[in-house]
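# Survey of secondary and tertiary structure
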Amino acid sequence: MQLDSMYQDIILDHYKHPHHKGLREPYDAEVHHVNPTCGDEVTLRVKLSAGADGPVVADVSYDGMGCSISQASTSVLTDLVIGKGVDQAMRVQEEFLTLMRSKGGGEPDEDVLEDAIAFAGVSRYPARIKCALLGWMAWKDATAQAANGGLSR
Amino acid sequence: MTFDRAGFDVALVRKDFPILDRTVRDGRPLVYLDSANTSQKPRQVIDAMSDYYEQHNANIHRATHQLGEEATEAYEGARITAAGFLGARDETEVVFTKNISEAINLVAYSMGNASTSGGAAERFRLGPGDEIVITEMEHHSNIVPWQLLCERTGATLRWFGVTDDGRLDLSGIDGLINARTKLVSLVHQSNVLGTVNPVRLVADAAHAVGALVLVDAAQSVPHLPVSVADLGADFVGFTAHKICGPTGIGVLWARRELLDAMPPFLGGGEMIESVAMTGSTFAQPPHKFEAGTMPIAEAVGLDAALRYVSEVGLDAIRAHEHELLTHALDGLAALDGVRILGPTDAADRGATIAFLVDDVHPHDVSQVLDAHGIAVRAGHHCARPLHLRFGVPASTRASFYLYNTTDEVDALIRGIDEAKRYFA
Ligand SMILES: Cc1ncc(COP(=O)(O)O)c(C=O)c1O
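### Considerations on the sheet that holds strand β7 (residues 181-187) of chain B
Working definition: the strands of a sheet are paired by backbone hydrogen bonds and lie parallel or antiparallel to each other. Residue and element names in this part refer to chain B. Strand order in this open sheet of 7 strands is β4-β10-β9-β8-β7-β5-β6, and the pairing throughout is mixed. Of all the strands in the sheet, just β4 (94-97) and β6 (156-160) have a single pairing partner and so form its edges. Direction aside, neighbouring strands of the sheet carry axes that sit 20 degrees apart on average. By the bridge criterion, 5 bridges tie strand β9 (residues 235-239) to strand β10 (residues 250-254) in an arrangement that is antiparallel. Residue pairing in the sheet places threonine 239 in a bridge with glycine 250 of β10.

Dropping the structure here:
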């Protein structure tokens, strides 16, 4: 049935058992993003560390209230970006953005997006795309701030 | 409570709404429970607007030809219909706006303009020490214009609270409405809680201290008989698209002597008496407040909508909705883990029900319902302070109108039950 194309098991699993949830120290930047139409909110922290080829996403922690889609996509995001170089993680973010803008017609690259390919079905529901992107936009914002602010903390 | 519903037949009503015949989400019949957001439109309204464009289209008040006369008559005819509908003294008390948001902004900006001009506008002047009172259950349209006005003038915004069961908390009314109060603005029927407020009581208290009263009637005018005289208000606004009419037009009713004294809001064509390089004088109300080419076809649509609703009968509509409401409240009460935001008894309450389902986010509830063709709204419904009051970011809202049926209520209840199981 139609619902199952949106609510893939992967999504429901991440929703019920979110990864990396909760706010942690230390962090370089913290942001608070809201979805103005529905009031969903996420507070997200990013910790970067120095790597051989530039900064690396050392940790992403978050807390927030939101629907299954926004909660699950933030959980999936943390799995994907923690441990990656910032440049590489930003490319994953770009790829996810492209998938979300594909109106259901995208052919996601599983090697890049891993569990996040489960959100392909969500891209057919314009009202839910913002939910799927809430955590990803917050992460991009926080990471940019952390990178600009240097690795101070 | 029983209301007279003589001759009302929902099956016949439904035939007037072409959209109710369509299917959604792979062939499911549309169950439209989002009328508090915007109502569907009957054939009578759609036809009136097409006929206007096909036969009478011209600009109003300024065209010196037959079509111009016909268009002007149609537009001004809508004003007469609206005045009659609200029980206004006459049609010069009816100002057309884009929607109720603009109607409220018109009053707020006019009061702001009064604060920097003299003369008759003096009575609308606001400054530090003055107070505007609203309520915690307002739509953002009846919050933000006042916040902005208070920022511009230094006046203070004060709020009526809401009780746990979703009624206006009147316990502090004597302190809240006082000699410093310049304006009290409140919603007649809440777009979230469904609560119908005792507007008359609040209006009398406001008038006793010389304050003005604005009533946001966006959610009441479509559903119950509203007379501006009975409300005891100075300003009443509503929006056409929630009463079977088109988007793009709203109504501000105000007592004529207030419209006479208020400074204009928007400047432009048609709102003037005379324009010179040294300054301008303004037309008489209501034209003083209608700058530029107005939504003419939309006025025609509004006229048709008000006639349509009157013909069906607001008493009958209220009675029908009351039946849907009690059926829905019973059905929801029988579901475990469902909490209603707002009164759980049907007294002084309209057929708009916001609810929470334990452990299922409102977005997810509405998504499951949508998969069954059931259209509801999820979010804060432009009433964020109210949701914060109840400690939640969002709710799911089902809202009923004259074309809904008890079968559709049952579909809603089944859908909510399925959402619970899906996310269990
Ligand atoms: C109580 C109330 N006031 C104001 C509005 C705003 O109406 P509009 O968007 O047509 O200006 C609405 C509807 O959205 C409402 O329910």
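### Describing the sheet that holds strand β16 (residues 377-379) of chain B
All names here are of chain B. If you walk across this open sheet you meet the 4 strands as β13-β14-β17-β16, and the pairing is antiparallel. Both outer strands of the open sheet, β13 (338-341) and β16, are each paired with one neighbouring strand and no more. Direction aside, the axes of adjacent strands within the sheet are offset by 30 degrees on average. Contacts between helix α11 (residues 314-333) and the sheet are confined to β13 and β14 (352-357), with β14 contributing the most and set at about 10 degrees to the helix.

### A few points about the layout of surface pockets
A volume near 610 Å³ is recorded for the largest pocket. For the lining of the largest pocket, the secondary structure elements donating two or more residues are α6 (126-148) of chain A together with α12 (362-371), β15 (374-375) and β16 of chain B. Of the residues contributing to the lining of the largest pocket, the split by class is 11 nonpolar, 11 polar and 7 charged. Within this model, the second largest pocket holds a volume of roughly 310 Å³. Taken together, 16 residues make up the lining of the second largest pocket; nearest its centre are A:Gly66, B:Val360, B:His361, B:Pro362 and B:Pro393. Contributions of two or more residues to the lining of the second largest pocket are made by β3 (54-65) of chain A together with β14 of chain B.

### Some details on the environment of B:Thr92
Residues and elements named next belong to chain B. Looking at the secondary structure, you find threonine 92 in the loop between α3 (66-86) and β4. When the C-alpha atoms of threonine 92 and alanine 254 are compared, they prove to be 9.1 Å apart, with 162 residues separating the residues in sequence. A distance of 2.5 Å separates polar atoms of two side chains, one belonging to threonine 92 and the other to aspartate 90.

### Observations regarding the environment of B:Pro362
Residues and elements named next belong to chain B. By the element assignment, proline 362 lies in helix α12. Among the residues examined, proline 362 registers a relative accessible area of 9% and is labelled buried. Taking the C-alpha atoms as reference, proline 362 lies 27 Å from tryptophan 159; in sequence the two are 203 residues apart. What proline 362 contacts, discounting residues up to four positions off in sequence, is Ala378, Ala394, Ser395 and Thr396.

### Topic: the domain arrangement of chain B
Residue and element names in this part refer to chain B. Annotation of chain B at the domain level lists domain 1 (10-41 + 313-423) and domain 2 (49-310). Spacing between the C-alpha centres of domain 1 and domain 2 amounts to 28 Å. Opposite the 41 residues of domain 1 that make contact, domain 2 presents 36 residues. The contact between domain 1 and domain 2 buries some 3000 Å² in all, and 53% of this surface belongs to carbon and sulfur atoms. Its largest share of buried area at the contact with domain 2, domain 1 owes to Leu314, Leu386 and Arg389, together 21% of the area lost on that side. The salt bridge partner of arginine 389 is aspartate 164, with a shortest N-O separation of 2.6 Å. Elements with a contribution of two residues or more to the side of domain 1 that touches domain 2: α11, β14 and α13 (384-389). Looking at side-chain class alone, the side of domain 1 that touches domain 2 contains 19 nonpolar, 11 polar and 11 charged residues.

### Brief notes about the interface of chain A and chain B
Tallying the contact residues gives 23 residues for chain A and 20 residues for chain B. For the pairing of chain A and chain B, the buried interface totals around 1800 Å² over both sides, and the portion due to carbon and sulfur atoms is 53%. Summed over the shared surface of chain A and chain B, the result is 2 salt bridges. Where chain A meets chain B, there are 11 residue pairs in polar contact (both at pLDDT 80 or more).

### Details of the site of the ligand
Residues and elements named next belong to chain B. Neighbouring the ligand are 13 residues, the closest being Ser101, Asp216, Gln219, Thr239 and Lys242. For the ligand, an oxygen atom lies 2.6 Å from a polar atom in the side chain of serine 101. Within the contact set of the ligand, an oxygen atom lies 2.8 Å away from a side-chain nitrogen or oxygen of lysine 242. Its free accessible area being 390 Å², the ligand has 89% of it covered by the protein chains.

### Side note on the pattern of salt bridges
Where charged atoms of side chains with opposite charge meet at close range, the side chains can pair. Applying the stated rule across the entire model yields 25 salt bridges over all chains. Here A:Asp59 ties to A:Arg24 by a salt bridge, and the two come within 3.0 Å at their closest N and O atoms. You can see A:Asp59 sitting in strand β3 and its partner A:Arg24 sitting in the loop between α2 (9-16) and β1 (29-34), a full 35 residues away along the chain. Look at A:Asp59 and you get buried, because its relative accessible area is 17%. Residue A:Arg24 is classed as partly exposed on the basis of its relative accessible area of 27%. We note a salt bridge from B:Asp260 to B:Arg256, for which the minimum N-O separation is 2.9 Å. Highlighted residues: B:Asp260 and B:Arg256, both in helix α9 (residues 256-261), separated by 4 residues, approximately one helical turn. When salt bridges that share partners are traced, they join B:Arg123, B:Asp234, B:Arg255 and B:Glu257 into one network.

Conventions we followed
Residues numbered from 1 in each chain as written. Chains lettered and ligands numbered in written order. Predicted model: local features only at pLDDT ≥ 70, side-chain atom pairs only at ≥ 80, totals over all residues. Heavy atoms only, no water. Pairing = 2+ DSSP bridges. Helix = DSSP H or I, 4+ residues; strand = E, 2+ residues; numbered from the N terminus. Axes fitted to C-alpha atoms, helices over the stretch in contact; angles between N-to-C directions. Contact = heavy atoms within 4.5 Å. 1 Å grid on protein atoms, 1.4 Å probe; cavity = no way out; pocket = protein on both sides within 12 Å on 5 of 7 lines; lining within 4 Å. Points joined across faces, edges and corners; volume = space filled by probe spheres on them. Nonpolar A, V, L, I, M, F, W, Y, C, P; charged D, E, K, R; others polar. Polar contact = N/O pair within 3.5 Å; in protein donor to acceptor, adjacent residues only side chain to side chain. Buried < 20%, exposed > 50% of the residue type's maximum accessible area, 1.4 Å probe, protein only. Domains from an automatic or database assignment. Buried area = accessible area lost by both parts, 1.4 Å probe. Salt bridge = Lys/Arg side-chain N within 4 Å of Asp/Glu carboxyl O. Near = heavy atom within 4 Å. Areas by Shrake-Rupley, 256 points an atom, 1.4 Å probe, with all protein chains shown as cover.

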